[in-house]
Amino acid sequence: MTSKERVIMALRHEEADRVPLDIGGFNNTCMHEVIEREVKQKLNLEDHGYMIKARSQGIVVPDQSIVDYFGVDTCSIYINETKPWTDNGDGTFTDMWGIGYSMNPDNYYYNRINHPLEDAEEIDDLDDYVLPEPTPYMLDGLSERLDENKDKCCILEGLEEPMFGMPSWLRRNDNFYADLVADPDLCDALLGKLLDYFKKMIKYIMDPLGDRIDIVKVADDLGAQNALLLSPETYRERIKPFQAELYQYIKGNWHKPIILHSCGAIRPILGDLIEIGVDAINPVQVSAAGMVPAELKAEFGGKITFWGGGCDTQHVLNMGTPDDVRRMVEENLKTFKPGGGYVFCQVHNIQPGVPYDNLMTMYDTYYKYCKY
């Protein structure tokens, strides 16, 4: 059985030979560059260098030596931005969207520091903001990568957070959250502009590559630790219709499954996400309110694939003991895997500071209990 077949069976809620394993299939299941370097050194794996596409996060597209050693089933088909970040010469950088960044004091991550639409007050102000045209640089090397990974489940990555994250980054979080309730016309105008743009971008990518891509990944972080970032009613009125149109555009034209990354306590709208065409949900943040594995599996297990939730990264993988990691991975695997509909990875990325022994315990325990 190939890796591609294994993941597709999981999406169909069928049991394969084992639960599929994802490391770095998209930018929320990765290792930070610091972690991957340590793992390669301690396992004496060949070091081919590293590739960082999500520059603000410092995470890597996994080295082939990591993929081979752990038996990873996924492959990230990660588009570039339309152009590299602009170095402003003062320690700050600007991305393709015009969003500014500076390095966090820990030197691990970049923070957003300015937002091109933060001063917009009227719908007409949006007209002055020109979205970047797609460029061949976005697709550089991807056709070759697809050809080299025909047996893997190839996941399109790089579409950002089209309908909630991106407008909040362009407007600045506080402005956009206020727009949702205080200025719905401005909110809808911005979402409409982004919807048209992302359709254009997706067509630019999928027309030449879509026949070899297995899954399209999108994101929109809608949850916080204890609740949604907006009420379910506001989500359904303001955000859901735009997400639904974008997802159906992808499915209607290229017939690909969609995986949505959405952190936090999103259980109140999981039914909505299923309704608009989400096939798999990540990261399954089991430490957030309401995100109880057994309850999620019982309520939604036949309707959506859980992609993640293998080990909590807030408290256990980073601060627990190997025994804590072992217990959680065993319990969550046994909960999520029956009947298919599950792909194993930890909750979100593996960050600097995660003990090597905990990391290896997670994968050792996965392999002990992953078989059907």
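Predicted model only: the values in this text are computed from it and were never measured.

Scoring rules and cut-offs
Residues numbered from 1 in each chain as written. Predicted model: local features only at pLDDT ≥ 70, side-chain atom pairs only at ≥ 80, totals over all residues. Heavy atoms only, no water. Helix = DSSP H or I, 4+ residues; strand = E, 2+ residues; numbered from the N terminus. Contact = heavy atoms within 4.5 Å. Pairing = 2+ DSSP bridges. Salt bridge = Lys/Arg side-chain N within 4 Å of Asp/Glu carboxyl O. Buried < 20%, exposed > 50% of the residue type's maximum accessible area, 1.4 Å probe, protein only. Right-handed = clockwise from strand over helix to strand, strands pointing away. Phe/Tyr/Trp six-rings, centres within 6.5 Å; stacked < 30°, edge-to-face > 60°. Axes fitted to C-alpha atoms, helices over the stretch in contact; angles between N-to-C directions. Left-handed = near helix turned anticlockwise from the far one by under 90°. Nonpolar A, V, L, I, M, F, W, Y, C, P; charged D, E, K, R; others polar.

Chemist: Could you give an account of the environment of Cys 263, naming the residues involved and the relevant values?
Modeler: Its location among the elements puts Cys 263 in the loop between strand S8 (258-261) and helix H10 (270-275). As a C-alpha pair, Cys 263 and Met 166 span 97 residues in sequence and 15 Å in three-dimensional space. If near-sequence neighbours (up to four positions away) are discounted, Cys 263 is found in contact with Asp 221, Leu 222, Gly 223, Pro 283, Gln 285 and His 348.

Chemist: Can you explain the sheet that holds S8? Please cite residues and give values.
Modeler: Strand order across the open sheet formed by seven strands is S1-S6-S7-S8-S9-S10-S11, with parallel pairing between neighbours. The open sheet terminates on both sides in strands that have one partner only, identified here as strand S1 (74-78) and strand S11 (342-343). When strand S7 (residues 215-219) meets S8, the two strands line up parallel, connected through four bridges. What sits directly across from Ala 219, in S8, is His 261.

Chemist: Any chance you could break down the pattern of salt bridges for me, citing the residues and the numbers?
Modeler: Inspection of every chain in the model, using the stated rule, returns 29 salt bridges. Between Asp 188 and Arg 238 there is a salt bridge; the shortest N-O distance is 2.7 Å. Of the two residues, Asp 188 is situated in helix H8 (residues 184-209) and Arg 238 in helix H9 (residues 232-254); the sequence distance between them amounts to 50 residues. Judged by relative accessible area, which is 25%, Asp 188 ranks as partly exposed.

Chemist: If you had to explain the sheet that holds strand S5 (residues 110-114) to someone new, which residues and values would you point to?
Modeler: Spatially, four strands are ordered S2-S3-S4-S5 in an open sheet, and the strand pairing comes out antiparallel. Only two strands of the sheet have a single partner each, and these edge strands are strand S2 (86-87) and S5. In terms of strand pairing, S2 meets strand S3 (residues 92-94) through two bridges, oriented antiparallel. Within S3, the residue paired with Asp 87 across the bridge is Phe 93.

Chemist: Tell me what's going on with the pairing of S8, and back it up with residues and numbers.
Modeler: Here S8 shows a buried face lined by Ile 258 and Leu 260 and a second buried face lined by Ile 259 and His 261. Regarding the hand of the β-α-β motif, the stretch spanning S8, H10 and strand S9 (residues 280-282) is right-handed.

Chemist: Give a description of the packing of aromatic side chains that names residues and reports values.
Modeler: Under the criterion given, the structure shown has 19 aromatic pairs. Seen in terms of ring centroids, Phe 93 and Tyr 110 are 5.7 Å apart; in terms of plane orientation they differ by 85 degrees. Their pairing is edge-to-face. Remark: Tyr 110 occurs in strand S5 and Phe 93 occurs in strand S3; sequence separation between them is 17 residues. The residues Phe 93 and Tyr 110 share a single accessibility class, namely buried. On the basis of an interplanar angle of 15 degrees and a centroid distance of 4.9 Å, the ring pair of Phe 336 and Tyr 342 is categorised as stacked. This pair shows no difference in class: Phe 336 is buried, exactly as Tyr 342 is.

Chemist: Summarise the packing of helix H12 (residues 322-336) against helix H13 (residues 356-369); cite the residues concerned and give the values.
Modeler: Relative orientation of the contacting elements H12 and H13 amounts to 30 degrees, with a least axis distance of 9 Å. Viewed along their axes, H12 and H13 form a crossing whose handedness is right-handed. Listed contacts from H13 to Pro 322, Val 325, Arg 326, Val 329, Glu 330, Leu 333 and Lys 334 of H12 are Asp 357, Asn 358, Thr 361, Met 362, Thr 365, Tyr 366 and Tyr 369. Along the lines of polarity and charge, the residues of the contact of H12 with H13 split into seven nonpolar, three polar and four charged.

Chemist: For the pairing of S5, give the residues involved together with the corresponding values.
Modeler: Pairing of strand S4 (residues 100-103) with S5, which is carried by four bridges, proceeds in the antiparallel orientation. Of the residues in S5, the one forming a bridge with Tyr 101 is Arg 112. From the end of S4 to the start of S5, which pair antiparallel, there are six residues, and Asn 107 there has a positive phi angle of about 65 degrees.

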